Each structure stands twice: as C-alpha cells, then as structure tokens.
Amino acid sequence: MAPALIFDLDGTLIDSAPAIHKVSNDVLTGRGYAPLSLDQIRSFVGQGAPHLVRCLLTTAGEDPEGPLFDAIYADLVGRYETDVAGNTLYPGVITALQRLQAMGCPMAITTNKPYKPALAAIAHVGLSDYFQLVIGGDSLPTRKPNPEMVQEAQRLLGRDHALYIGDSEIDAQTAQNAGLPFLIYTEGYRKTPVEDLPHAAKFSDFNALPGIVEGWTWS
C-alpha cells in the first residue's frame with residue numbers, strides 16, 4: 001500500500017515569500033513603519049503568523065509582546081486571505097503530485113500558516129484537488145515542530161506508513177519529533193546546510209520525488 005505523504009507548504013510546495021513580503025510591508029507602512037527587504041521577510045517565515053508578527057514588531061522597534069500585537073496580527077491575517085498574487089508553485093510540483101496521486105498516495109498539507117490564508121494560497125496556485133486535508137497553524141493547539149499536526153494528518157489519512165516532505169530546520173525537527181522519515185526539498189527557505197539537518201533523502205527537483213517515494217523501503 002502506498003504511503004501517506006505529508007507536505008509542508010511555504011518553501012516546499014510554494015514560494016510564498018513575495019506574497020508575505022507584500023502583505024507584511026503593507027501592514028508596516030500603513031502604520032508609518034519602514035518597509036523591510038524580501039530577504040528579511042523570508043528569514044521570518046516558517047514558524048507561523050504569531051512569530052512573523054513578533055519579528056515585524058521587533059524590527060519596527062516595538063515590543064513584540066506589547067499592545068500592538070493583536071492589531072497587527074488581525075491586519076496581517078486578514079490581508080493574507082486576499083493578497084495571494086505573490087504565491088507561486090515551485091517547478092515540477094503539479095506533475096509530481098499527479099504522479100503521486102496515480103500511485104495511490106493519500107496526501108495532506110500541514111503548515112504553520114493560519115488555515116484560511118493557507119487555503120487561499122493553495123487555491124490560488126491550483127493545488128486544492130491534490131490534497132485530502134489541510135491542517136493550518138491555528139487548527140490545533142500546537143504548531144510545528146510539535147509533532148501533533150503531522151501525527152493528526154497521518155491518522156486522518158489512514159496509513160500506517162507516512163513520509164514527511166519539507167524544506168527547513170523546523171520541518172527536519174518536526175519529522176524527527178513525529179518519528180517519520182524526512183524528505184528535504186533543498187530549494188526552499190532553509191538556512192542550515194543540508195548535511196547538518198537530519199534527513200532520509202533530499203531532492204532539488206520535484207520530478208525526482210515520485211521515484212524516491214516509489215523506491216522507498218520500510219524497515
């Protein structure tokens with residue numbers, strides 16, 4: 001039986017940094033703060049919207065836990081659901097997902113991005129039909145690297161075996177915490193050298209992913 005495949009979203013299936021960059025700068029400049037560079041914003045991505053808001057506040061010279069947090073968070077998440085134009089698929093994603101679907105792999109997305117903005121981004125890039133479920137950063141009490149999100153996805157997909165696919169340090173830690181083999185996409189938002197992150201396989205081209213999954217052996 002084909003394994004379940006559980007994917008991260010930002011930096012794995014989609015390059016969302018340009019969209020997050022625009023939304024973040026709209027929130028900042030709308031309140032009179034200086035805009036930030038794409039590289040700065042990219043470095044904030046991966047640990048969920050609350051973390052992003054704290055980074056924005058810190059960079060703006062404000063208390064990251066102060067009274068502005070709730071207003072900035074609400075503004076950011078509200079814009080997230082509609083300002084989706086900057087989200088783009090990484091090359092080869094659709095072809096790979098079609099092949100994996102044909103192989104009988106049930107698939108899910110687990111992301112620290114809030115659920116509704118995640119659905120909006122997924123729909124914008126045309127991924128909605130490939131995934132049985134999406135679990136967002138506000139769907140459960142915990143976020144990655146806590147394993148709860150990934151474990152819940154595997155339970156709902158109903159397979160004894162699952163592979164976790166992501167791009168970052170958080171994803172490597174999540175897979176380790178969940179006890180799942182980690183397949184790392186090397187072209188995402190990772191800051192650490194691939195060799196320094198625990199992983200079972202790596203790929204830089206999505207066209208290679210179905211072959212990795214098809215050839216997987218379980219001990």
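See the structure above.
None of the values given here were measured: they were computed from a predicted structure. (Residues numbered from 1 in each chain as written. Predicted model: local features only at pLDDT ≥ 70, side-chain atom pairs only at ≥ 80, totals over all residues. Heavy atoms only, no water.)

1. Considerations on the overall build of the protein
Thought 1: Within the protein, the secondary structure is distributed over nine helices and eight strands.
Thought 2: Computed over the C-alpha atoms, the radius of gyration of the protein is 17 Å, within 12% of the 17 Å expected from 2.2 N^0.38 for a compact globule of 219 residues.
Thought 3: Dimensions of the protein along its principal axes, counting C-alpha atoms only, are 55 × 30 × 30 Å.
Thought 4: Burial status across the protein gives 50% buried among its 219 residues.
Thought 5: Expressed as a percentage of contacts within the protein between residues at least 6 apart in sequence, the contacts between residues at least 24 apart total 65%.
Thought 6: In the structure as shown, the protein presents an accessible area of about 9400 Å², 49% of it carried by carbon and sulfur atoms.
Thought 7: Distance between charge centroids for the protein: 2 Å, based on 15 positive and 25 negative side chains. (Helix = DSSP H or I, 4+ residues; strand = E, 2+ residues; numbered from the N terminus. Rg over C-alpha atoms; globule rule 2.2 N^0.38 Å. Buried < 20%, exposed > 50% of the residue type's maximum accessible area, 1.4 Å probe, protein only. Contact = heavy atoms within 4.5 Å. Areas by Shrake-Rupley, 256 points an atom, 1.4 Å probe, with all protein chains shown as cover. Lys, Arg positive; Asp, Glu negative; His and termini not counted. Charge placed at Lys NZ, Arg CZ, Asp CG, Glu CD.)

2. Let's talk about the nonpolar core
Thought 1: With 53 residues, the main nonpolar core has Phe 7, Leu 13, Leu 127 and Phe 206 as its most contacted residues.
Thought 2: For this core, the leading source of residues is helix α3 (residues 49–59), giving six residues.
Thought 3: In this structure Leu 13 touches Phe 7, Asp 8, Thr 88, Leu 89, Tyr 90, Val 93, Ile 109, Leu 127, Phe 131 and Phe 206, once residues within four positions along its chain are discounted.
Thought 4: Ala 175, Ala 178, Leu 180 and Val 194 belong to the second-largest nonpolar core, a separate cluster that totals 19 residues. (Core = buried A, V, L, I, M, F, W, Y, C linked by side-chain atoms within 4.5 Å.)

3. Topic: the packing of α3 against helix α4 (residues 69–80)
Thought 1: Running from N to C, α3 and α4 cross one another at 120 degrees; their axes reach a closest spacing of 10 Å. Comparing their axes, α4 and α3 come out oblique. In the packing of α3 onto α4, the handedness of the crossing is right-handed. For the pair formed by α3 and α4, the contact residues are Ala 49, Pro 50, Leu 52, Val 53, Arg 54, Leu 56 and Leu 57 on the first element and Phe 69, Ile 72, Tyr 73, Leu 76, Val 77 and Tyr 80 on the second.
Thought 2: For the contact of α3 with α4, a count of residues per class yields twelve nonpolar, no polar and one charged. (Axes fitted to C-alpha atoms, helices over the stretch in contact; angles between N-to-C directions. Parallel < 35°, antiparallel > 145°, perpendicular 65-115°, else oblique. Left-handed = near helix turned anticlockwise from the far one by under 90°. Nonpolar A, V, L, I, M, F, W, Y, C, P; charged D, E, K, R; others polar.)

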